[in-house]
Amino acid sequence: MKFKKSMKRMVSMLAVLSLSATMFVGCGSDTKGNDDNSKTENNETKKEEKVTLKHLGAFSEFDPNTDPVAEALKEKTGYDVEYFMLPAENAIEKLSLEISGGTSYDSIKMNSPEYNLLTAQGALMPLDDLIDQYGPNIKKAIGEDSWNAAKVDGKIYGIPEKNSADNINLSIGVREDVLAELGLEVPKTIDEFYNALKTIKEETDMIPLALSSDYIFIPTIQSAFGIETNWKEIDGNLVSKVEQPGFKDYVDFMVKLYEEGLIDPDMPVNNKGNSMEKFTNGTAAMKVMAWWDAPKAIPALEENVPGAKVAYIQPLIGKDGQQGIMKDRGISWYTAIPKTAKNAEEAIKWIDAKFAEDTFKYFTIGEEGVHHTVQDGKYFPVLPTFFDERNRSSWYLSGIDETNYPIYWAARVRKDENMSNAYDEFMKAQSVASFEPLGFAPALEDLAKYEKSLATLVNDSVLNFIAGEGNTEGFDEFVQKWNTSGGQASTQAANGWYNTSK
Amino acid sequence: MKNTKGEKIFYFFNYIFLALLGVTTLFPFLNVLAKSLSSEKAVISGKVSVYPIGLQFGTYKYVFTNDQFLNSLKVSIFITVVGTLVALAITVFTAYPLSKPHLKGRKTILLMYIFIMLFSGGLVPHYLLMREFHLLNTVWSLIIPAMVSVYNMLIIKNFFESVPESLEEAARIDGTSNFGVLFRILLPIAKPVLATIGLFYAVTYWNAFFEAMMYVSKPELKPLQLYLYELIKQSQKPILDVDAALNLNSESLQSATIIASTAPILVVYPFLQKYFVKGIIVGSVKG
């Protein structure tokens, strides 16, 4: 009896022990298993002279290891690549952590602030020799301007990736049907624009211009005040938007609009979503729009307000005939190799293989007839194959073929009629568009240091002039504050680079 | 005692007021639910409040066939189930000896636990530790760091202390071993506490995203909450990259993802809730 009892006890104890033991063993062996696997993999691949590369990229909402593009790349380049991602938030902190912990990534794609930080820390490998030796395709595809942007003290630490195309991204969408009813045309000059807003306010009960507090610098309106880009060459020197002569006039104009009720009075508390609501449900007549807003906004508007028609305002012409807008061009990404990388050579060879002409075309827009069609030199997507299999190509880029990619890329815009229309309208302003002069500047420490805080200062102060003070009496004080809080240092840094690059 | 007329009126309005207050807390939830079932057109024109407009289930179909979502769901379920079991076991194994006054060095050990409850080494040392253990980019990096919560351990310890010593003595006279006492005497009485602490752990594991953000860079190892967090954060950020703009998710889809990832833990709650209050009080109040 007693024996039986103790047996039972023993059994249950053993059961519990073994259970907890398996838990520990479970986790122990699992991680070990992983290590062993990777070791044997390395050994095997060494024999075949191919390694599994580790690539870290920016956050995106998909799994790059299972995407069709990864397969296409593997097929064409022959490289096995394991892809990793930074988080959506605190990406730069995570990257610092990984770097200070001695990462084993073979290549990392990063944005400019991240590139600035890591080059300053000396965490990246200079690539000049590697590219000379193993990167003929890379050299061919990327232009001189872009390479200059990647140089730090004369050395290249990352392969620069230019923006996909020279896009004009913002305009003002206006209800053409409302204007027609009031006997107005789509405004071309700043006076016509003001007049249109005023008439809408007086004749209808609509909000003339829906706006949110994060979009108070409207390129279409700035155009009339001679402000196209954040920095502009005046008498041989780069001058920030804040100190450009038209800026105060622009702020004055916005103050006037707000005071007269021509801008949505809720502007200071609106976010992107609110102003979109007001435009799509027909309570607002105009809204600042990006061309990628069109595929959502236009169908919603058409459903709510049958017969609604939207036109896009071209950059407005100022009193002295000024007109201009910014082209979105510059370096948006860098692909770099950390000093701790194990397979730097192979990584460069892999990147070079991606730039080989047919490989590049194949993984970015696929095969003609299967993924896209060509008409008059323009590329059109085949739906849905194109977006099923090539939607995420841009994530895998390590720089672009600067002559061909903008042409290929346009296929992405042509997936939706509304988007395509908006895009074509926006791009009509090409003739008056100019590039941001600093778009190709290399990592300038002072600029990077103050960029964020200055942008906040400018946005907050101007918002306060428009919605708080109702006048620009404190404007000079604001410019002074801008200068002392890093504006002056930024101007010096910008010109330091500009004068040597000329 | 009867209420006076004044009191009756007061209670009447008071109840209405409190009921309204209760309803307002439900509003945001209903709003998300309604958005998830509405057409995208209705959502962007701001027509949806608490009931769906342009009813559709396409968003849910998309969410439940989305590989990323399903993968993250699997990771979350694994972490929650395994994590809770392991954490409960370890916490009980820690709490039981510490509840015995005759344990040598008990005070010192307890002080050490309380010390780490108040002070932490910080993120970088944690990260380096995980790296040295080769736990980065494994699912265990999401389970092991949260395995013993000192707070939970103290609740269980207090409970064990509150059990009359005579109960244990009786068992020992019958020849029960230490493990026997724990498994056959104490744990059966401790069920409410274990259910509560288990739920605490389950909720912690289910909601954890920070560890994953720091320790995991493999997309297939992301738990559900991190997937959700990033999905929403991404859409709120100012758009800097044209290619990102082209792939923005619609608001109905986001809402459907939120609902789909909140529902599982919401379903578990009611079943364990009754233990909640009981469990904590049983552990902490000593007669």
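Position numbers for residues count from 1 along each chain, tracking the sequence in the order it is written. The naming scheme follows written order: chains are lettered A onward, ligands numbered 1 onward. In keeping with the model being predicted, local features are shown solely for residues with a pLDDT of at least 70 and side-chain atom pairs are shown and tallied solely at 80 or more, while totals for entire chains, interfaces and linings include all residues. Hydrogens and water molecules were not included; the side-chain quantities draw on all heavy atoms of the structure.

Quick rundown of the overall build of chain A? Include the residues and the values.
Where helices and strands are cited, they refer to DSSP runs of H or I of at least four residues and of E of at least two residues respectively, numbered from the N terminus. Across its full length, chain A holds 21 helices and 17 strands. Its C-alpha atoms give chain A principal-axis dimensions of about 95 × 70 × 55 Å. A buried classification covers 53% of the 502 residues belonging to chain A. By definition, residues are in contact when any of their heavy atoms lie within 4.5 Å. When contacts within chain A are restricted to residue pairs at least 6 apart in sequence, long-range pairs at least 24 apart make up 77% of them. For every accessible area listed, the method is Shrake-Rupley and the probe measures 1.4 Å; residues are considered covered only by the protein chains on display. As displayed, chain A has an accessible area near 22500 Å², and 49% of this comes from carbon and sulfur atoms. Each residue's exposure class comes from its accessible area (1.4 Å probe, protein chains only) as a fraction of the maximum for that residue type: buried when under 20%, exposed when over 50%, partly exposed otherwise.

An account of the pattern of salt bridges is requested, with residue identities and associated values reported.
Residue and element names in this part refer to chain A. Each salt bridge in this description consists of a side-chain nitrogen of Lys or Arg and a carboxyl oxygen of Asp or Glu lying within 4 Å of one another. As enumerated under the stated definition, the model contains 23 salt bridges over all chains in all. Of the charged contacts, one joins lysine 198 and glutamate 260 as a salt bridge, the two residues approaching to 3.1 Å between their closest N and O atoms. Of this pair, lysine 198 sits in helix H9 (residues 190-203) while glutamate 260 sits in the loop between helix H11 (246-259) and helix H12 (272-280); the two residues are 62 residues apart in sequence, bridging distant segments of the chain. Classification of lysine 198 as partly exposed rests on a relative accessible area of 26%. Among the residues examined, glutamate 260 registers a relative accessible area of 28% and is labelled partly exposed. The partner of lysine 278 in a salt bridge is aspartate 264, with the nearest N and O atoms 2.8 Å apart. A residue pair is termed long-range when its members are at least 10 positions apart, and lysine 278 in helix H12 and aspartate 264 in the loop between H11 and H12 qualify at 14 residues. Note on accessibility: lysine 278 and aspartate 264 belong to one class, buried. Where salt bridges share partners, they join Asp264, Asp266 and Lys278 into one cluster.

How would you summarise helix H1 (residues 5-37) of chain B if you had to cite specific residues and measurements?
The span expected for a helix works out to 1.5 Å for each residue beyond the first. Between its terminal C-alpha atoms H1(B) stretches 47 Å, which fits the 48 Å expected from 33 residues at 1.5 Å a residue. Buried within H1(B) we find B:Ala34, B:Lys35, B:Ser36 and B:Leu37.

Account for helix H3 (residues 91-100) of chain A, naming residues and giving values.
Because each turn of an α-helix spans 3.6 residues, side chains separated by three or four positions end up pointing in the same direction. Among the residues of H3(A), A:Ala91, A:Lys94, A:Leu95, A:Leu97, A:Glu98 and A:Ile99 are the ones counted as buried. Elements that come into contact with the buried residues of H3(A) comprise strand E1 (52-57), strand E3 (107-110) and helix H4 (112-121) of chain A together with helix H6 (123-132) and helix H11 (210-215) of chain B. Of the residues flanking the end of H3(A), it is A:Gly102, one or two places downstream, whose phi is positive at about 75°.

Kindly report on the domain arrangement of chain B, identifying the contributing residues and their values.
Residues and elements named next belong to chain B. What the domain assignment reports for chain B is domain 1 (1-56) and domain 2 (60-283). Where each domain starts and ends comes from a domain assignment, either automatic or drawn from a database. Put simply, the middle of domain 1 and the middle of domain 2, counted by C-alpha atoms, are 32 Å apart. Across the boundary between the two partners, domain 1 contributes eleven residues, which contact nine residues of domain 2. Both sides of the domain 1 and domain 2 interface together cover about 800 Å² of buried area, and 65% of this is carbon and sulfur. The term buried area refers to how much accessible surface (probe radius 1.4 Å) is lost by two components on association, counted for both of them together.

So what about a nonpolar patch on the surface? Which residues, and what values?
All names here are of chain B. To count toward a patch, a residue needs a relative accessible area above 30% and no salt bridge. Like charges then connect within 9 Å, nonpolar side chains (Val, Leu, Ile, Met, Phe, Trp, Tyr) within 5 Å. Together, Ile114, Phe115, Ile116, Met117, Leu118, Phe119 and Tyr151 line one region of the surface with nonpolar side chains, adding up to about 740 Å² of accessible area. Top contributing element to the nonpolar patch by residue count: helix H5 (residues 106-118), with five residues. Note on placement: leucine 118 falls in helix H5. For leucine 118, a relative accessible area of 64% puts it in the exposed group.

How would you sum up the environment of B:Lys218? Please name residues and give values.
By the secondary structure assignment, B:Lys218 is in the loop between H11 and helix H12 (224-236). Taking the C-alpha atoms as reference, B:Lys218 lies 9.7 Å from B:Leu136; in sequence the two are 82 residues apart. Ignoring any residue separated from it by four or fewer positions in sequence, one finds B:Lys218 in contact with A:Glu82, A:Phe84 and B:Asn137.

Any chance you could break down the interface of chain B and chain A for me, citing the residues and the numbers?
Taken together, the contact between chain B and chain A spans 52 residues of the former and 61 residues of the latter. Note on chain B versus chain A: buried area summed over both sides is about 4900 Å², and carbon and sulfur give 58% of it. In this assembly, chain B and chain A are joined by two salt bridges. Residues A:Glu82 and B:Lys218 are paired through a salt bridge, measuring 3.5 Å at the closest nitrogen-oxygen approach. Pairing of N or O atoms within 3.5 Å defines a polar contact, subject to two protein rules: one partner must be a possible hydrogen donor and the other a possible acceptor, and residues neighboring in sequence count only if both atoms are side-chain atoms. At the boundary of chain B and chain A, one finds 13 residue pairs in polar contact (both at pLDDT 80 or more). Elements supplying a minimum of two residues to the side of chain B that touches chain A: helix H2 (40-44), helix H4 (67-98), H6, helix H9 (178-189), H11, H12 and helix H13 (242-246) of chain B. In this classification, Asp, Glu, Lys and Arg are treated as charged, Ala, Val, Leu, Ile, Met, Phe, Trp, Tyr, Cys and Pro as nonpolar, and every other residue, Gly included, as polar. Residues belonging to the side of chain B that touches chain A are distributed by class as follows: 24 nonpolar, 15 polar and 13 charged.

Hey, could you go over the packing of helix H8 (residues 165-173) of chain B against H9(B) for me, with residue numbers and the actual values?
Residue and element names in this part refer to chain B. As a rule, the C-alpha atoms of each element are fitted with a line to give its axis, helices using only the stretch in contact, and angles between N-to-C directions run from 0 to 180 degrees. Put simply, H8 and H9 touch, their axes get as near as 10 Å, and they point 135° apart. Our classification of the angle between H8 and H9 gives oblique. The chirality of how H8 crosses H9 is right-handed. Contact residues: H8 offers Leu167, Glu168, Ala171 and Arg172, while H9 offers Asn178, Val181, Ile185, Leu186 and Ile189. Oblique is the label for every angle not falling under 35 degrees (roughly parallel), over 145 degrees (roughly antiparallel), or within 65 to 115 degrees (roughly perpendicular). The sense of a crossing depends on the near helix, which, turned anticlockwise from the far helix by less than a right angle, makes the crossing left-handed and, turned clockwise, makes it right-handed.

Which residues make up the side chain of B:Ser217, and what values go with them?
Here B:Ser217 is to be found in the loop between H11 and H12. For B:Ser217, the side chain forms a polar contact with the side chain of A:Glu98, separated by 2.9 Å. Discounting residues that sit within four places of it in the chain, B:Ser217 has contacts with A:Leu56, A:Phe84, A:Met85, A:Lys94, A:Glu98, A:Tyr105 and B:Asn137.

Lay out the sheet that holds strand E11 (residues 284-290) of chain A in plain terms, naming residues and giving numbers.
All names here are of chain A. With mixed pairing, the four strands of this open sheet are ordered in space as E8-E11-E7-E12. Two strands lie at the open edges of the sheet, namely strand E8 (207-210) and strand E12 (310-313), each paired on one side alone. Mean inter-strand twist for the sheet, computed between neighbouring axes without regard to direction, equals 25°. When DSSP finds at least two bridges between two strands, those strands are taken to pair. Where strand E7 (residues 170-175) meets E12, four bridges bridge the pair, whose relative direction is antiparallel. The residue bridging glycine 173 from the neighbouring strand is tyrosine 312, located in E12. Against the sheet, H12 makes contact with E7, E8, E11 and E12, and its axis sits at roughly 130° relative to E11, the strand it touches most. Across the sheet, helix H19 (residues 417-427) touches E7, E11 and E12, and the angle it forms with E12 is around 25°.

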